[in-house]
Each structure stands twice: as C-alpha cells, then as structure tokens.
Amino acid sequence: MRYRQVTTGTLALGVILLIDVLRVWLPGIITIFGQAASTPAELMGAFALGWFVLALGAPAVVRRVGARPVTVVAAVALAVARLALTAAPGGRTQLWLATAGLLAGLVWLVGVATDTDRPVPGLALGFAVNAALHAVLDTVDLVWRGDWVAWLLSSAAVALFLFGTARFGGGDGAARFGGGDGTARFGGGDGAARFGSRAGVGGVRAWLLAGPALLLAGMVALSPALAETGMSYLQVGGEVARSPLFGMAPVPVAVAAFLCTALTRPQRWSRVYGPVALVAGAVLFALDQGDLLLPAILLAAVGLGACLARTDDASLPTSDTAAGLADGAGLADSAGLAAAAPADGAGDEGVDRRWAARRGYAAAAGMLVFALGAVGYYSAYDLGYPNASVPVLVALLVAVVAFAARPVADPTPGPFPPLRAAGAVTALALLAPVLADEVPVASNREGPPERLTVVAYNIRMGFGLDGRLDLAGLTDAVDGQRPDVVLLSEVDRAWLLNGGHDTLDLLADRLGMSYVFGPAADPVWGDAVLSRWPVTDPRTLALPAVGAPTGAQALAVTLDLGDGVRTAVVSTHLQPPPGRGPVVQARAVADFATGYAAGGPLVVAGDLNTEPGDEAFGQFEAVGLVDALAAARPLATSPADDPREQIDHVFVSPGLTPSDPVAPRSTASDHLPVAVTLTLPPR
C-alpha cells in the first residue's frame, strides 16, 4: 500500500514553517539577545542550546499524553508563532515569539517522529521546497514581508499544515494500518496507542539525520545565498567577488540533484558515492575559498540526498522485517526487539512502542546536533577558535549513519513518483533566475563628474536595532544621500545564523549599483564597495588578526569616472582585539591604500573602531590623509539610537575637498552611516 501523500506533504509543510521560524530566531540570538555584542558569547550559546536540550524531554511527554494530542497542540503553536512573527514589532516580543515557535516546532517534530517510520520523503521535500521558495523570494522570506501577498501565502501554508495535522495527525500509521485491523491492534488505551505507535518499525536513522541534514542543507547544499555568492566569485577569480549574471542559476541544479538522489531507491554504489560526495562538499566549503563554493554546493547536494535515501528503510512490518531492522540498526540488545518480534498482538505493540520511542529520541537528538553544529561553527567568530572542522564532522556523522544502513528487501513504494516530484520543485526553483536575478548596473551617469558623494555604513548584516531585517531602512539611509559610491561593513552573504540572506546583492539591487566584495572572516562575510561608476583593478589585503577572533581585510578598487579620471577607494572594517586599539591594522590599511593609489586621488572609509585623537586614528593622518568629517566633529555614529562614539570615518587624499559631512539618523543598523561630498581636483 502506498504511503499517504498528504502525510508527506504535511511533514514537508511543517519543516518549511520550522525553517521560517529558525530564520528569525537565529539572528535574534545575536541582534536581540546578544545586544550588539554586549552579551558574552558563552551566554548566547547557552541560551541557544538550552531550548534544544529542553526538547529532549518531549518523547517522555508524548509517551505519557499520546502522540496525537501533543502533535496537534504543538502544530497549532508553531503555526500561530509563524504568523505572529510577520506582524511582530521586533525586540523581545519577536525573540520570545520565535523561541516559542522553535520549541513548538521541536516538540511537533518529535510527535510526528514517534508516529512516522518513513520521514525521508517529507524531510527532503521540505528542505527542497523551502530552498526553492527562498531563492524565488531573493532570499527574503515571507516572514519578513508585510504585504498582502506574504500574508496570503503564509496563511495558506499554515492552513494546509493544520488541516493535514488535524486530519492525519502527521503520522503514516493510518495509511499503513488503516481499517478495523489497525484499530484492533493499535487502538484503544494501551501504551502503544498512547505513544502514537501506529507506524511500525524503522525510521530511527532517518529521524536522527533530520537535524544534521537541516544544518548541512542550510549552510551549504541548498543555500541560495551561498550559490549566488559562489557565482559572484567566478566573475573575478576567487580573491574578490563582483555582481554576477544569473546568480541563482545553481539553485535549481542543486535542488534537482538533491531530490533525485533523496527520493529514488538507492543503488548499491550509492553506499559509497553518497557519503564521499557529502564529505567532499563539506571539506571544500570548509576551505574558505570563494571559487570552491559552487562545487561544494553541488557535491553536498548530491551526497546529502543519497545519504538520506540510504536511511529510508520503511517496509511492511512483518516479523522477519522487524527483527532484521532491529539487527541492522544495532538498537536492540539480545533480549530486545528480537524477543519482542510480533508473534501476536501484544508482541506487535511491544515492537511498535520501542521503535516509536527510539524515533522520538532520535529526532530530538538530531536537532540537538543541529544546534551544537550551528552554535559551534558561528560562535568561533566571537571566541576565536578554528571552526572549519564543524561542517566536516557533521557530514561525517551523516555519512557514517548512511554507510551503515542496510537496504530493505521489500521497500514500501514512495509517496510520489521521484522524477515528477523532483521536476515540480525544480521548476519552482527555475523561477529564481528569472524573478530574483537582476542585471547589475555598470554605470548610470555621464562623466567625469566634478563631485563624488561617498557613504560609509556598517550595516550589521541588514538587521535593525529592533532585530528585524530592515532592507528598506538601510536603502533609505543610503539612497537619501544620493551616493556615487557606498562602502559597507559587516556584510553577510549566506550565514545560516543570520537567516541565509545575501544582504549585499539585495542592497545593490535596491540602490541600482554594482558591487565588489572583499571576504574577511570567510568567503561570505566581509566588506564591499557599491558604485554607480565602472570599477576596475580590485585588490584585497588580509589584515593582521593581532588576537582578534574575527578576520579583517581591506578592499581596494578604482573608480573609472571617464576621460581617464580615476579615484581609488578602499573599504575596511578594523577589528581590534578586546581591550586594545586597532593600531597594527590601521597602519597596514594606510600603507596598503597609499601604495594602491600611487599618488592619485584616494578615499579610505569604513568602521575603523577608533576615535579622533587615538593612536590608530593617527596612522591614517601619518601617511598624509585628511579627516573628511572634521568640519562636523564631534560626529558620533554608535550606537545608532544614542550615538556617543565616533568610530565610522572617511579619510581622503589632500587633493579631494570634502563638504557637507553628515551622519543621518537611522535605526536600520546599530551604526549610523556617514556621508560626505568630495570635490575632485581640477583636470
């Protein structure tokens, strides 16, 4: 008998809603709970992990109350939280709504796990459809959009999810054991029914991999922002990135590869190629090289799908199958499932109850792996330890579990024809290069101009002081100055921790500018230059870390203003170690910038984390540069809601004459932008 399509669809919708909540909750740890880096990283990590540890108690609740009531109540809470987040005003309200939604989603997942022995089709479709939608929406999810279209689509998804949960309870037992026989064997008030154990044996490995697979899909295999970033590195050659053509083109390829391998019956050779491809993709990602991102994505997508397919061990629950699966999973002792193999109804209930418990704990443990991996990887940028091994270790875990799995001799047919399902989701992903990609603007002004307006802005990954993604606020703060060139700091292009957005591409599209990106901490975090003029000769310099945990760099480009007029521009974000000034980094940037300009007009700007009169500030003056904001001093820029520190600056060569320096008020970041108009030297 076929596994019900509706139960698979309900699981997929729940996964999509849970990922939506995670894309709000994860940035909230940094921007709201973290209070702009004033909260210790250890405390933020404990807060994040605590909710996943708490979810380990959900299987015990399910066992006591029953799977169906727990699943339905948790599904309603998840759905309400998901809709409420779209209307949330930000701040602590948003953080606690997202936290409630996360915990509800984890409990829902455990409830579904106890009642579902074949989650792979639903999990795979949930991951793939979410990635396709994320790409079509240009990496800005519906939860951040307040228009009527977002509300309509969000409400429809929630309604379908709740209908599926109420009608079928999220499990596959009704489909597999429906009718009077199923009622007689698994109904009533016994422990098996209360545990929601209609699904039979199997599924432990697949549920264990749900969390690790979610982490690898969001970080690498199915990340539209990472795909777009990878395409941007192809424009230059790996050291810096530029506005790409068809940046979303790899997304449908990755989605198709993932679904085709995840939904089809695994062949013998997939036992090797799946784990090998997944680990290879994780290793390429961990090497932190921009030109390796695309092969990392494609290998990880193929490998992750193949590994999930290897754990899809659903089969008709005969006595032989139960014993075989118990032996293959290595989850029973000598007196365990074999002794409980169903010779009668009571034996069936014993087998089923044990597998239900194991599935529930496996799902909770897998999501804890997700949390440990995410916290372990991203907290390294605050604490300073190496993090490259984290995605590799998670990939190795998935690979080992998949490699150890034994194929089922008589598998239950899947819920959807694999190629048709993969084709439908891939068709959705194919809309992304059409709807989300825009042709980058090389120049939209006649030159050479007499003046240039420069804006420097630390955008804090695109999140405002209220913790909400505020692209409109950032655009207004910058575009209101009518800039010719914009220098950005804290640019995030694909971090799962920040929601998986390509903030740089989103701002460039809204401002109508092309960009050049210089990686600092890794290939998707750094600084950028956006320009209305053609840009040539991009170069980047890695700055000495001097004990600071987060990497820093200087990005130099040349503006081609026409008729042979050139101006050098250097964007940087100095990252001093705790308790010290960025003197060494400032000296390195000053020397690099003046050497790059070679006596020509030069602009150096960014979040320099130093104030006028400090030793680091003096490093720029020592090489002959001028403080372009001097006429407006004191010009505080941080924190944005009560600026007290002058740490964002613009320095220029003596031939450029500054005027009208300002720091326009905005709460779209924790910094204020600084802007100044520069009169070019006469030709």
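Quick note: structure is the one above.
How each quantity is defined
- Residues numbered from 1 in each chain as written.
- Predicted model: local features only at pLDDT ≥ 70, side-chain atom pairs only at ≥ 80, totals over all residues.
- Heavy atoms only, no water.
- 1 Å grid on protein atoms, 1.4 Å probe; cavity = no way out; pocket = protein on both sides within 12 Å on 5 of 7 lines; lining within 4 Å.
- Points joined across faces, edges and corners; volume = space filled by probe spheres on them.
- Helix = DSSP H or I, 4+ residues; strand = E, 2+ residues; numbered from the N terminus.
- Nonpolar A, V, L, I, M, F, W, Y, C, P; charged D, E, K, R; others polar.
- Salt bridge = Lys/Arg side-chain N within 4 Å of Asp/Glu carboxyl O.
- Buried < 20%, exposed > 50% of the residue type's maximum accessible area, 1.4 Å probe, protein only.
- Phe/Tyr/Trp six-rings, centres within 6.5 Å; stacked < 30°, edge-to-face > 60°.
- Lys NZ or Arg CZ within 6 Å of the ring centre and 35° of its normal.
- Expected span 1.5 Å × (residues − 1).
- Contact = heavy atoms within 4.5 Å.
- Core = buried A, V, L, I, M, F, W, Y, C linked by side-chain atoms within 4.5 Å.
- Patch = residues over 30% accessible without salt bridge, like charges linked within 9 Å, V, L, I, M, F, W, Y side chains within 5 Å.
- Areas by Shrake-Rupley, 256 points an atom, 1.4 Å probe, with all protein chains shown as cover.
- Pairing = 2+ DSSP bridges.

Here we take up empty space enclosed by the protein. Counted by the stated rule, this structure contains eight cavities of 30 Å³ or more. Within this model, the largest cavity holds a volume of roughly 170 Å³. In this structure, the largest cavity is lined by 17 residues; those nearest its centre are Ile 19, Arg 23, Asn 130, Ala 217 and Gly 218. Sorting the residues of the lining of the largest cavity by element identifies helix H1 (5-33), helix H6 (120-136) and helix H12 (210-221) as the ones contributing at least two each. Residues that form the lining of the largest cavity fall into these classes: 11 nonpolar, five polar and one charged.

Counted under the stated rule, the structure contains 10 salt bridges. For Asp 479, the salt bridge identified is with Arg 532, shortest N-O distance 3.4 Å. Taken as a pair, Asp 479 in helix H22 (residues 471-479) and Arg 532 in the loop between strand S5 (525-531) and strand S6 (535-542) lie far apart in primary sequence, 53 residues in all. Arg 493 serves as the salt-bridge partner of Asp 502, at 3.0 Å between the closest nitrogen and oxygen. For the pair Asp 502 and Arg 493, one class covers both residues: buried.

Inspection of the entire model under this criterion finds 19 aromatic pairs. An aromatic cluster is defined as three or more aromatic residues linked by ring pairs; in this entry it consists of Trp 25, Phe 33, Phe 47, Trp 51, Phe 52, Trp 96 and Phe 370. Just above the ring of Phe 403 sits the side chain of Arg 271; from NZ or CZ to the centre is 4.4 Å. Above the plane of the ring of Phe 517 lies Arg 493, whose end atom (NZ or CZ) is 5.2 Å from the centre.

This part is about helix H21 (residues 418-435). Relative to the 26 Å expected for 18 residues at 1.5 Å per residue, H21 spans 26 Å between its end C-alpha atoms, a close match to the ideal helical length. Considered for burial, the residues of H21 that qualify are Ala 421, Ala 422, Val 425, Thr 426, Ala 429, Ala 432 and Pro 433. Its buried side turned inward, H21 meets H6 and helix H14 (250-263).

Trp 25, Phe 52, Trp 207, Phe 258, Leu 259, Leu 488 and Leu 530 are the most contacted members of the largest nonpolar core, which has 154 residues in total. Looking at this core, the element that brings in the most residues is H1, giving 15 residues. Residue contacts for Leu 259: discarding those within four places in its chain leaves Ala 124, Leu 125, Ala 128, Ala 421, Ala 422 and Val 425. Listed in part, the 31 residues of the second largest apolar core include Leu 487, Val 565, Leu 629 and Leu 635.

Judged by side-chain polarity, Trp 148, Val 149, Leu 152 and Leu 153 come together as a nonpolar surface patch covering roughly 440 Å² of accessible area. Tracing the backbone shows Leu 153 in helix H7 (residues 148-168). In this structure Leu 153 comes out as partly exposed when scored by relative accessible area, which is 45%.

If you walk across this open sheet you meet the seven strands as S1-S4-S5-S3-S2-S13-S12, and the pairing is mixed. For this open sheet the edge positions go to strand S1 (241-242) and strand S12 (657-662), each flanked by a neighbour on one side alone.

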